Amino acid sequence: MKSLHVEGNGLFHRLPIRAKLLLLAALGIGLFLTRDPRLLALGPALGALVWFTLGLPLREALGRLRPVFLTIVIVAAFSFLVNSKEEALLQLLRLTTLMLFAATVTATTTVSAFIEEITALARPFEKLGLVKADDIGLAFGLVVRFVPEVLSRYEAIREAHKARGIKLRPLTLIAPLIILTLREADQIAAAIDARGLRRH
Amino acid sequence: MNTRDLVLVSLFAAIIVALGLLPPITLGFIPVPITAQSLGVMLAGTILGARRGTLSVALVILLVIIGLPVLSGGRGGLAVFAGPTVGFLIGWLPAAFVTGYLSERFAAGRANGFAQLANLFIAAVAGGVVVLYACGIVGMMLVAGLPFMKALSGSLAFVPGDLIKAGVAALAARAVQAGYPLLPVRS
């Protein structure tokens, strides 16, 4: 699985992650404080300037935003038709701005910086007994490690269906996929404990 | 949380991510293909129960936040949270919890097959449809400024598909319950 981080050395790359997240949160609140479309129109313009100068190839830069931008446009069009035209325009401008800057934060921050930040943010909750902060990194690792495994198991089940000449149906796929995957939990847990990975 | 629970939570998160990568599967009797990722949320609750189910969904959402393309269609990163349908993503958390709680309460350790199946279906609908849509609709009202009735009517088209998914989730959860029971009993 490839992360959405992009190498670079611009302003956003050098800002610490906490500053970027706080700026993004402030932007999210700030955008909803004004209803002036001329002021809000600055947002997408600035956002696009930042996003398209990050060094991503244009196709990739557009491709990454497409699914989110599509939902924004569809809901704005729906709002335009059934609700008020003004509201639809405001929403289109606000969400497009937010999308561009959020995508920028994601592209300029490494996955490990995010994991460190999330672990740090989870520390206070350790005292409440809710989570062990260091487990979060371990869990991320396990997911990334096992997604390909689940996919190869899906392939195996699909092949088995083909060999028997039956069509792949959700029920004949999902139950075996889940049982086969979860059944390994005991072995993996034993391996983790044997290596003392949670001895913190 | 013991290590086995941590591993189960992670493995289930991996299943949810993988369900988003699989090609859409068609059911036999209707021509519409279903994308399996929201099915994964119902499955998390009905198979792992409230606590572990919610945690595995939370893990997927955290993976989205840190910038991995784990949602269906390769979506990921913070930009996802700028979409007007963000409530349907955040809503995964209470949806998995409610589905899990009701499953533990009414479907764990039941011998009667049909009653168990019916209860699992109700749990999946309560969490994966009622609670999820409530969150999604509130999200659209807040983010897109849509009035309640408009946001509701815009979402209703997706309900039939999700009811079918709840049925698939209930059947699959029962099969898993029979083959590898994990659901804790809550009285």
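Residues numbered from 1 in each chain as written. Chains lettered and ligands numbered in written order. Predicted model: local features only at pLDDT ≥ 70, side-chain atom pairs only at ≥ 80, totals over all residues. Heavy atoms only, no water.

### Some remarks on the packing of helix H8 (residues 133-163) of chain A against helix H3 (residues 50-65) of chain B
Each pair of packed helices gets described by two things: the angle between the helix axes and the distance between those axes.
In step 1: In contact at an axis separation of 11 Å, H8 of chain A and H3 of chain B are set at 85° when each is read in the N-to-C sense. The pairing of H8 of chain A with H3 of chain B is recorded here as roughly perpendicular in orientation. Between H8 of chain A, through Ile136, Ala139, Phe140 and Val143 of chain A, and H3 of chain B, the contact on the second element is made entirely by Leu59, Leu62 and Leu63 of chain B.
In step 2: Across the contact of H8 of chain A with H3 of chain B, the residue classes tally to seven nonpolar, no polar and no charged. (Axes fitted to C-alpha atoms, helices over the stretch in contact; angles between N-to-C directions. Helix = DSSP H or I, 4+ residues; strand = E, 2+ residues; numbered from the N terminus. Parallel < 35°, antiparallel > 145°, perpendicular 65-115°, else oblique. Contact = heavy atoms within 4.5 Å. Nonpolar A, V, L, I, M, F, W, Y, C, P; charged D, E, K, R; others polar.)

### Re the packing of aromatic side chains
Given two aromatic rings, their pairing is described by the distance between the two centres and the angle made by the two planes.
In step 1: Enumeration over the complete set of coordinates arrives at one aromatic pair over all chains.
In step 2: With a centroid separation of 5.4 Å and 85° between ring planes, the pair formed by Phe88 of chain B and Tyr133 of chain B is classed as edge-to-face. With Phe88 of chain B in helix H4 (residues 86-90) and Tyr133 of chain B in helix H6 (residues 113-144), this pair connects stretches of sequence that are 45 residues apart.
In step 3: Of the residues examined, Tyr133 of chain B reaches a relative accessible area of 8% and is grouped as buried.
In step 4: The ring of Phe146 of chain A has Arg145 of chain A lying over it, and the distance from NZ or CZ to the ring centre is 4.8 Å. (Phe/Tyr/Trp six-rings, centres within 6.5 Å; stacked < 30°, edge-to-face > 60°. Buried < 20%, exposed > 50% of the residue type's maximum accessible area, 1.4 Å probe, protein only. Lys NZ or Arg CZ within 6 Å of the ring centre and 35° of its normal.)

### What to know about the UniProt feature "transmembrane region" (unreviewed entry) in chain A
All names here are of chain A.
In step 1: UniProt feature "transmembrane region" (unreviewed entry): in the numbering of this structure it lies at residues 15-33, 40-58, 64-83 and 95-115.
In step 2: Annotation note: span residues 40-58, helix share 68%, strand share 0%, distance between end C-alpha atoms 25 Å.
In step 3: Annotation note: span residues 95-115, helix share 90%, strand share 0%, distance between end C-alpha atoms 26 Å. (UniProt positions renumbered as here; feature names shortened; annotations may be inferred.)

### Quick word on the environment of Ala102 of chain A
In step 1: With respect to the helices and strands, Ala102 of chain A occurs in helix H6 (residues 85-108).
In step 2: When its relative accessible area of 3% is taken as the criterion, Ala102 of chain A is described as buried.
In step 3: Spatially, the C-alpha atoms of Ala102 of chain A and Leu89 of chain A are 20 Å apart, while their sequence positions differ by 13 residues.
In step 4: Those residues in contact with Ala102 of chain A, other than ones at most four positions away along the chain, are Leu24 of chain A together with Leu78 and Ala79 of chain B.

### Thoughts on the domain arrangement of chain A
In step 1: The domain boundaries assigned to chain A delineate domain 1 (11-109) and domain 2 (132-194).
In step 2: One C-alpha centre belongs to domain 1 of chain A, the other to domain 2 of chain A, and the line joining them spans 36 Å. (Domains from an automatic or database assignment.)

### A look at the UniProt feature "transmembrane region" (unreviewed entry) in chain B
Residue and element names in this part refer to chain B.
In step 1: Within this numbering scheme, the UniProt entry marks residues 55-72, 78-102 and 114-143 as carrying the feature "transmembrane region" (unreviewed entry).
In step 2: Counting secondary structure, residues 55-72 comes out at 61% helix and 0% strand; the distance between its end C-alpha atoms is 19 Å.
In step 3: Along residues 78-102 the backbone is 64% helical and 0% strand, and the end-to-end C-alpha distance reaches 32 Å.

### A look at the packing of helix H5 (residues 92-106) of chain B against H6 of chain B
Residues and elements named next belong to chain B.
In step 1: Here H5 crosses H6 at 160°, and the two axes come no closer than 8 Å. If you check the angle between H5 and H6, you find them roughly antiparallel. Considering the relative orientation of H5 and H6, their crossing is right-handed. Where H5 abuts H6, its residues Trp92, Pro94, Ala95, Val98, Thr99, Leu102, Ser103 and Phe106 lie against Asn119, Leu120, Ala123, Ala124, Ala126, Gly127, Gly128, Val131, Leu132 and Cys135.
In step 2: By residue class, the composition of the contact of H5 with H6 is 13 nonpolar, five polar and no charged. (Left-handed = near helix turned anticlockwise from the far one by under 90°.)

### Quick word on empty space enclosed by the protein
Rolled over the atoms, a probe as big as a water molecule pinpoints where empty space is left.
Residues and elements named next belong to chain B.
In step 1: Scanning all chains against the criterion turns up one cavity of 30 Å³ or more.
In step 2: When its volume is computed, the largest cavity comes out at roughly 40 Å³.
In step 3: Around the largest cavity sit Thr46, Ile47, Ala173, Val176, Gln177, Tyr180, Pro181, Leu182 and Leu183, which together line it.
In step 4: Of all the secondary-structure elements, those providing two or more residues to the lining of the largest cavity are helix H2 (37-48) and helix H8 (159-179).
In step 5: A total of three residues in the lining of the largest cavity trace back to one element, the largest contributor, which is H8. (1 Å grid on protein atoms, 1.4 Å probe; cavity = no way out; pocket = protein on both sides within 12 Å on 5 of 7 lines; lining within 4 Å. Points joined across faces, edges and corners; volume = space filled by probe spheres on them.)

### Looking at H8 of chain A
Side chains that are three or four residues apart share a direction in an α-helix, a result of its 3.6 residues per turn.
Residues and elements named next belong to chain A.
In step 1: Between its first and last C-alpha, H8 extends 46 Å over 31 residues, near the 45 Å set by a 1.5 Å rise per residue.
In step 2: Considering bend angle alone, the principal kink of H8 is centred on Phe146 and spans about 30°; proline Pro148 follows within four residues of it.
In step 3: Once H8 ends, the next one or two residues include Gly165, with phi positive near 70°. (Expected span 1.5 Å × (residues − 1). Bend = angle between axes of the 7 residues up to and from the residue.)

### Brief notes about the side chain of Thr104 of chain A
All names here are of chain A.
In step 1: With respect to the secondary-structure elements, Thr104 resides in helix H6.
In step 2: Using a relative accessible area of 0% as the deciding quantity, one classes Thr104 as buried.
In step 3: In terms of polar contacts, Thr104 uses its side chain to reach the backbone carbonyl oxygen of Leu100, at 2.7 Å.
In step 4: What Thr104 contacts, discounting residues up to four positions off in sequence, is Phe12, Val50, Trp51 and Leu54. (Polar contact = N/O pair within 3.5 Å; in protein donor to acceptor, adjacent residues only side chain to side chain.)

### A word on the interface of chain A and chain B
In step 1: Residue-level contacts link 61 residues of chain A with 64 residues of chain B.
In step 2: Counting each side, the surface lost to burial between chain A and chain B is near 5,200 Å², with a carbon and sulfur contribution of 82%.
In step 3: Summed over the shared surface of chain A and chain B, the number is one salt bridge.
In step 4: Two residues, Asp186 of chain A and Arg4 of chain B, come together in a salt bridge whose shortest N-O distance is 2.6 Å.
In step 5: At the boundary of chain A and chain B, one finds nine residue pairs in polar contact (both at pLDDT 80 or more).
In step 6: The set of elements that each furnish at least two residues to the side of chain A that touches chain B consists of helix H2 (17-30), helix H5 (58-82), H6, helix H7 (111-127), H8, helix H9 (170-182) and helix H10 (185-194) of chain A.
In step 7: When residues in the side of chain A that touches chain B are grouped by element, the largest group, 13 residues, is from H8 of chain A. (Buried area = accessible area lost by both parts, 1.4 Å probe. Salt bridge = Lys/Arg side-chain N within 4 Å of Asp/Glu carboxyl O.)

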